Amino acid sequence: MKIAVIVFPGSNCDRDMAVAVEAISGHKPIMIWHRETELPKLDLAILPGGFSYGDYLRSGAMAAHSPVMREIKARADQGLPVLGICNGFQILTEAGMLPGVLMRNRGLKFIHRPVTTRVENHQSVFTRGYQAGQVVTIPIAHADGNYFAAADVLDRIEGEGRVAFRYCDDTGAVTDESNPNGSARNIAGILNETKTVLGYMPHPERVIEPLLGGSDGRALFESLIGALS
Amino acid sequence: MTTAIYSAEITPEIVAQHGLKPEEYLRCCTIMGRAPNLTELGVFSVMWSEHCSYKSSKVHLKTLPTTGPKVICGPGENAGVIDIGDGQAAIFKIESHNHPSFIEPYQGAATGVGGILRDVFTMGARPIANLNALRFGSPDHPKTRHLVAGVVAGIGGYGNCVGVPTVGGETNFHPSYNGNILVNAMTVGLADADKIFYSAAAGPGNPVIYVGAKTGRDGIHGATMASAEFDDESEAKRPTVQVGDPFTEKLLIEACLELMAGDSIVAIQDMGAAGLTSSSVEMAGKGGLGLELDLDRVPVRETGMTPYEIMLSESQERMLMILKPGREADAQRIFQKWELDFAVIGRVTETGKLVLKMDGKTVAELPVEPLVSQAPQYQRPWEPTPAQPEITAASVAPPAGLSDALKQLLASPDIASKRWIWEQYDATVMGDTIQRSGGDAALVRVHGTTKGLALVTDCTPRYCFADPVRGGAQAVVETWRNITATGAMPLAITDNMNFGNPERPRIMGQFVGCIQGIREACIALDYPVVSGNVSLYNETNGQGILPTPVIGGVGLIDDVDKAVGIAPKFEGDSLILIGETRGHLGATLYLREISGREDGAPPEIDLAAERRNGDFVRDRILGGAVSACHDLSDGGLLIGIVEMAMAGGIGIAIEALPGEVPVHAAYFGEDQARYLVATNDADALLAAAKAASVPAMRLGRIAGAILTGPGLDAISVMELRRIHTGWLPAYMAAEPA
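Now for a description of the structure that goes with this document. All values reported here derive from a predicted model rather than from experimental measurement.

### Thoughts on the sheet that holds strand β14 (residues 433-435) of chain B
Residues and elements named next belong to chain B.
Here's step 1: Pairing in this open sheet of 6 strands is mixed, and the strands run β14-β15-β16-β21-β17-β18 from one edge to the other. Of all the strands in the sheet, the pair left with one neighbour each is β14 and β18 (529-535). Each strand of the sheet is rotated relative to its neighbour by a mean of 20 degrees, with strand direction disregarded.
Here's step 2: As defined by bridge partners, strand β17 (residues 489-498) adjoins β18 across 6 bridges and the pair is classed as parallel. Across the sheet, residue Met 497 finds its bridge partner in β18, namely Val 534.
Here's step 3: In this fold helix α18 (residues 468-484) packs onto β16 (452-458), β17 and β21 (548-557), with an angle of close to 150 degrees to the strand it touches most, β16.
Here's step 4: Across the sheet, helix α19 (residues 505-525) lies against β17, β18 and β21, angled at about 175 degrees from β17, the strand it touches most.

### Observations regarding the pairing of strand β15 (residues 442-445) of chain B
All names here are of chain B.
Here's step 1: Residues Ala 442 and Val 444 of β15 are buried on one face, and the alternating residues Leu 443 and Arg 445, pointing to the opposite face, are buried as well.
Here's step 2: As judged from the 2 bridges shared by β14 and β15, these two strands associate in the antiparallel manner. If you follow Thr 433 over to β15, its bridge partner there is Val 444.
Here's step 3: Sheet analysis places β15 next to β16, joined by 4 bridges and oriented antiparallel. Within β16, the residue paired with Arg 445 across the bridge is Gly 452.
Here's step 4: If you look at the hairpin formed by β15 and β16, you'll find 6 residues sitting between the two strands, and Gly 448 has a positive phi there, around 80 degrees.

### Details of the pairing of strand β9 (residues 290-294) of chain B
All names here are of chain B.
Here's step 1: When β9 meets strand β11 (residues 341-349), the two strands line up antiparallel, connected through 4 bridges. Bridge pairing in β11 places Leu 291 opposite Val 348.
Here's step 2: As paired strands, β9 and strand β12 (residues 353-358) are joined by 4 bridges and run parallel to one another. If you follow Glu 292 over to β12, its bridge partner there is Val 355.

### Details of helix α5 (residues 218-228) of chain A
Here's step 1: Buried within α5 of chain A are the following residues: Ala 219, Leu 220, Phe 221, Ser 223, Leu 224 and Ile 225 of chain A.
Here's step 2: Next to the buried residues of α5 of chain A lie α1 (14-25), β3 (44-47), β4 (82-85), β9 (163-167) and β11 (197-200) of chain A.

### Quick notes on the pattern of salt bridges
Here's step 1: According to the stated counting rule, one finds 60 salt bridges over all chains in the structure shown.
Here's step 2: One salt bridge connects Glu 120 of chain A with Arg 166 of chain A, and the closest N-O pair in it is separated by 2.9 Å. Taken together, the residues Glu 120 of chain A in the loop between β6 (111-119) and β7 (135-142) and Arg 166 of chain A in strand β9 connect sequence positions 46 residues apart.
Here's step 3: Using a relative accessible area of 26% as the deciding quantity, one classes Glu 120 of chain A as partly exposed.
Here's step 4: When its relative accessible area of 11% is taken as the criterion, Arg 166 of chain A is described as buried.
Here's step 5: In this structure, Arg 611 of chain B engages Asp 526 of chain B in a salt bridge whose closest nitrogen and oxygen atoms are separated by 3.1 Å. Taken together, the positions of Arg 611 of chain B in helix α21 (residues 607-622) and Asp 526 of chain B in the loop between α19 and β18 put the pair 85 residues apart, joining distant regions of the chain.
Here's step 6: Take Arg 611 of chain B: its relative accessible area is 30%, and that puts it in the partly exposed class.
Here's step 7: Connected through shared salt-bridge partners, Arg 118, Glu 120, Asp 155, Glu 158, Arg 166 and Arg 185 of chain A make up one network.

### Some words on the packing of helix α8 (residues 144-162) of chain B against helix α10 (residues 246-260) of chain B
All names here are of chain B.
Here's step 1: At their nearest, the axes of α8 and α10 sit 8 Å apart, and the two run at 35 degrees to each other. Here α8 runs over α10; the crossing is right-handed. Residue-level contacts link Gly 157, Tyr 158, Cys 161 and Val 162 of α8 to Pro 246, Phe 247, Glu 249 and Lys 250 of α10.

Here is what the cut-offs are and how they apply
- Residues numbered from 1 in each chain as written.
- Chains lettered and ligands numbered in written order.
- Predicted model: local features only at pLDDT ≥ 70, side-chain atom pairs only at ≥ 80, totals over all residues.
- Heavy atoms only, no water.
- Pairing = 2+ DSSP bridges.
- Helix = DSSP H or I, 4+ residues; strand = E, 2+ residues; numbered from the N terminus.
- Axes fitted to C-alpha atoms, helices over the stretch in contact; angles between N-to-C directions.
- Contact = heavy atoms within 4.5 Å.
- Buried < 20%, exposed > 50% of the residue type's maximum accessible area, 1.4 Å probe, protein only.
- Salt bridge = Lys/Arg side-chain N within 4 Å of Asp/Glu carboxyl O.
- Left-handed = near helix turned anticlockwise from the far one by under 90°.

Structure, rendered in structure tokens:
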């Protein structure tokens, strides 16, 4: 299995992602620098979290124009699964690979804390290891996670089953109090039309062993590895 | 030379503006054999500033223990280095960025984090954790809210972006910091013990390389500013505060570590306070050599910069390196990949002089050795701090209601949860954070191993004010206890000495007293000082801060699976109190918050008892007999019990209290050398304590969701949490009065 972690200047969860992928899949991912214009044959590409280009423009806006992204887009169009976590999600929206945008959190502050999200679509390659409606506890660490899209876009992605995760309370109820950043309809993760690209704000790579605060992130990687092998 | 030489360029006023006393300027002239020009004067000014020369503190700092079997490198380099086994080293230091943070809180705090990160990765370490010790003025002061918001956002803005977890720290409020907040940042890094990089220049002819960000006009004279008191005009110094660029820092970390993986580097030094001046002088001075720099080659952000400005700029995210000959191209390739400036700006010489050239002309020529060795050192006059009376528990009135006193303390600014702050910091990036702020020490796994580093900062300034010797010792022992309470062995400390104006004998007496206390505690606990920083002149309009010697401690545990936190896990476990309770109420939070008094002597420090009790507790933790542990400090026994209950979300029934002490003194006294431990075999633990001559008693039981105890109204843990977490968010959301 060939998994690539794309490294942008300012990525800072690239190592964590590689460690998690290797721990769960047994395969060491290849690290691909953002200037690359050609990709090897891949089974999965991951855009990790961090602050690409410092996020000095809109988060992810610069990285979306990195040379490697042209190739990532082309491969995704051919069906390559692409996972974007946190800054990776922001890059995917800025690159037009996922609809909507991630705005500044409604409280205007960076927030790091474990949050609960509910699995809305448990049939994608990313989420089939979870149960429908399962509530998972995974930390967020972002300032720009406030998902927004026009109402008709939201209606469409809801209708197409493309909302992968929603912020919820620990009973699974989707409430305003359990929405950490003001995201429209509590959306924490969305899929593209073919459900082969996922953007997700929480960091599953940080919760793969109980010693570090939980293992709810494992099933996401296990889903992928199961689906791809 | 017996008289100083002044000129049209160098007038007595110019000399005074550079923070040099007339006799210090005379010494400059003597070293030079002539009057310095303005650039040279600037170099003397920053190198001889309090910030860079430690002129008031050095004679006292020298008395601290700095060696030990685990010490690889003590004070004097960019950071301290200790051996953590398996060929690995922990590299760490704490540093203040107090003055800039008061003037421009976001950038002041952000660049404080950036600076301390550079001190650590300069030595070859990958930074793995940040901590921050913050002191703000009274919550009622009109500026406090703005300063808290800005400092916290700045620390988060920088640390989150570079991707180093912020795992711990502390925050206190006191009116003495109204005009001088304290922002002390600590970084801990990890390196191979045989790949540590030092700063001494070597090899005449070797190229001197500048890497990182470009040089601008920001931060000129920051070091001099940090060496003077504030007054009402200090706001006008805002342009001297640097602006941080954490993205460039992240690139610089990766580029430097990539280059360090090879063997091209002879010496490396970050450009921190006093920028290119201090980095070049220190590298040359330590190597006993000279440097010749061509300032035309320094990458600059703006045109028309003078040699004076280039040498004194404190632009951030810059490094100076000396490479082996012929390695320039290899190194340049790495820095180009990371899109950073890379310039060969000079070479090492045998002249022993720092020679600066621009436009083909020599613009400064200074002998390095005397510039470093003849820096002024003062044995400042000092007065011992008068002893405060010991306050007996019986002489302090009990509160109207014990439960009300508990609630009031829980919601008081120093005890109240700092969650509003630490939720703005990424604490789990890098994937090795086992335990973060909120307990005793933070615990970070050494990547790829089962080892863990326990990290903490501590200081109780009200103790230091009341009795500097006890206060200095207490800061050390509290870090030692915090580390011990996780199961880790405390190894070494870094110290950040924050004080007022050392030219006042009373302030200098506080400094000398704290150093004495720190020394005594470090010796007794085999816990040496390996790095540190001194920040003096923390005064505004003659009002000094409480003496605040912040201690950053580092400990090691071989197997993180054996570590414990403060949260009790099991219903039915017994809660045991380790250590002796005398009900000491002098200088306590109870006295300040409930009785409205700040007098009295702080608790005595019995270093032998600290060591005995701590070693006992650590052995029980490592032996698996303890499921949770918490040391006792601010607020005493009852606050410690409540903190455990809140952390575990589980009730505690207090069934007995230490006898022969009034109840309020038992609950709120701040006697030292004490721990709370949870165990499922109280009898065995009490028997072991007895055998080790460690005072211990069973306090109660862990069960349910309610706190109960003698004299207390039953209160739910949920309600305690609500009170504890409510104050800071409500305070920050409120409009200033």
